[in-house]
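Examination of the molecular architecture
So the chains spell out like this:
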Amino acid sequence: GAVVSQHPSWVICKSGTSVKIECRSLDFQATTMFWYRQFPKQSLMLMATSNEGSKATYEQGVEKDKFLINHASLTLSTLTVTSAHPEDSSFYICSARVPPQRLAGRSYNEQFFGPGTRLTVL
Amino acid sequence: GENVEQHPSTLSVQEGDSAVIKCTYSDSASNYFPWYKQELGKRPQLIIDIRSNVGEKKDQRIAVTLNKTAKHFSLHITETQPEDSAVYFCAASRTGGFKTIFGAGTRLFVKA
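These notes cover the structure that comes with them. (Residues numbered from 1 in each chain as written. Chains lettered and ligands numbered in written order. Predicted model: local features only at pLDDT ≥ 70, side-chain atom pairs only at ≥ 80, totals over all residues. Heavy atoms only, no water.)

1. Quick look at the overall build of chain B
Formally: Helix and strand definitions follow DSSP, with helices as H or I runs of at least four residues and strands as E runs of at least two, each counted in order from the N terminus. Working definition: with a 1.4 Å probe on protein chains only, accessible area under 20% of the residue-type maximum means buried, over 50% means exposed, and in between means partly exposed.
Scanning chain B from terminus to terminus reveals zero helices and eleven strands. From first element to last, N terminus to C terminus, chain B shows the α and β order β-β-β-β-β-β-β-β-β-β-β. In terms of overall dimensions, chain B has C-alpha extents of about 40 × 30 × 20 Å along its principal axes. Here chain B holds 112 residues, and the buried ones make up 44% of them.

Here's what the structure looks like:
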């Protein structure tokens, strides 16, 4: 249980275009999802916390106008990279927190990650 | 702000040996400490976690210890196998919906 999907798995785009990445919780409802960015051989850097029905909370240094996050339903959060540039090329991973009713011995803070999206901006 | 330091950044062991990865956290209110394993190009997978009311937890060849006073926690892998080769991340967070802070990661190589 607790499966998170992400689409697309990879995308190549031209500089200046916008790219939308979807994160879905397939078998549970996620009120909170997280978006991370991971550069090669580096750690997961939290970009923002996405809360269903409200505005996302961005980490310091992350431009909210460039990385638009929408969490319109309990199973879907989207990240749109607007006017992408080569420096935005990275591995973007979402995660969802297990809701209390699905705990079944798990910790409320446990996160399940999507498979990631590799973005390459030419 | 909150910070998690992880050492070593790279660890190479012989198959069958033990591997130990250590982390230190700064937020004294942290009370949940998961460990993730990430293989190349794949998503992080939770392998074990520990809460602050427990000092040690074991699951087969994997164990985690926690010293709240020193704000240290460690991952121990015994009888390592080549398939244990991956990047391991420690993390710290608080219950109640707070964000999770990840360590920089440890690249573990298990030589056959």
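2. Points about the interface of chain A and chain B
In many reports, interface size means the accessible area that the parts give up when they come together. In plain terms, the rule: Contacts between residues were defined by any pair of non-hydrogen atoms, one from each residue, lying within 4.5 Å. When two parts are put together, the accessible area they lose, computed with a 1.4 Å probe and summed over both, is reported as buried area. By salt bridge we mean one thing: a side-chain nitrogen of Lys or Arg within 4 Å of a carboxyl oxygen of Asp or Glu. For this classification, the nonpolar set comprises Ala, Val, Leu, Ile, Met, Phe, Trp, Tyr, Cys and Pro, the charged set comprises Asp, Glu, Lys and Arg, and every other residue, Gly included, is treated as polar.
Contact residues are listed per partner, giving 21 residues for chain A and 23 residues for chain B. For the pair chain A and chain B, the summed buried area comes to about 1700 Å², and 51% of that belongs to carbon and sulfur atoms. Where chain A packs against chain B, one counts one salt bridge. Here Glu59(A) and Lys99(B) are joined by a salt bridge, their closest N and O atoms 2.6 Å apart. Elements supplying a minimum of two residues to the side of chain A that touches chain B: strand S4 (32-38), strand S9 (90-97) and strand S10 (111-113) of chain A. For the side of chain A that touches chain B, the class distribution of residues is ten nonpolar, seven polar and four charged.

3. Observations regarding the sheet that holds strand S7 (residues 62-67) of chain B
All names here are of chain B. Our working rule: When DSSP finds two or more bridges between a pair of strands, those strands are recorded as paired. Axis definition: a line fit to C-alpha positions, over the contact stretch in the case of helices; interaxial angles, taken between N-to-C directions, run 0 to 180 degrees.
Pairing in this open sheet of five strands is antiparallel, and the strands run S1-S3-S8-S7-S6 from one edge to the other. Only two strands of the sheet have a single partner each, and these edge strands are strand S1 (4-7) and strand S6 (56-59). Strand-to-strand twist in this sheet, taken as the mean axis angle between neighbours without regard to direction, amounts to 15°. Sheet topology places strand S3 (residues 19-25) next to strand S8 (residues 72-77); six bridges connect them, and they run antiparallel. Counted as the bridge partner of Lys22 is Ser74 from S8.

4. Focus on the nonpolar core
So the rule is basically this: Take the buried Ala, Val, Leu, Ile, Met, Phe, Trp, Tyr and Cys residues and link them wherever side-chain atoms come within 4.5 Å; each set so joined is a nonpolar core.
Counting 26 residues, the largest nonpolar core has Val4(A), Trp35(A), Leu79(A), Tyr92(A) and Leu119(A) as its most contacted members. Taken together, the elements giving at least two residues each to this core come down to strand S2 (10-13), strand S3 (19-25), S4, strand S5 (45-51), strand S7 (67-73), strand S8 (76-81), S9 and strand S11 (117-121) of chain A. Sequence-distant contacts of Val4(A), defined by excluding residues within four places in its chain, comprise Cys23(A), Arg24(A), Phe28(A), Cys94(A), Ala96(A), Phe112(A), Phe113(A), Gly114(A), Pro115(A) and Arg43(B). The next biggest cluster of nonpolar side chains, apart from the first, holds 25 residues, and it includes Ala19(B), Ile21(B), Phe73(B) and Leu108(B).

5. Some details on the pattern of salt bridges
Following the criterion strictly, the structure yields eight salt bridges over all chains and no others. Across the pair Lys66(A) and Asp88(A) runs a salt bridge, and its minimum N-O distance is 2.9 Å. Residue Lys66(A) is located in the loop between strand S6 (57-58) and S7, and its partner Asp88(A) is located in the loop between S8 and S9; the two are separated by 22 residues in the primary sequence. Judged by its relative accessible area of 5%, Asp88(A) falls in the buried class. In this structure, Asp84(B) and Arg61(B) form a salt bridge, with 2.9 Å as the shortest nitrogen-oxygen distance. Of this pair, Asp84(B) sits in the loop between S8 and strand S9 (86-92) while Arg61(B) sits in the loop between S6 and S7, and the two are 23 residues apart along the sequence. Under the relative-accessibility criterion, Asp84(B) is labelled buried at 6%. Three or more residues joined by partner-sharing salt bridges are found here, namely Lys37(B), Glu39(B) and Lys42(B).

This is a description of form; function is not addressed.
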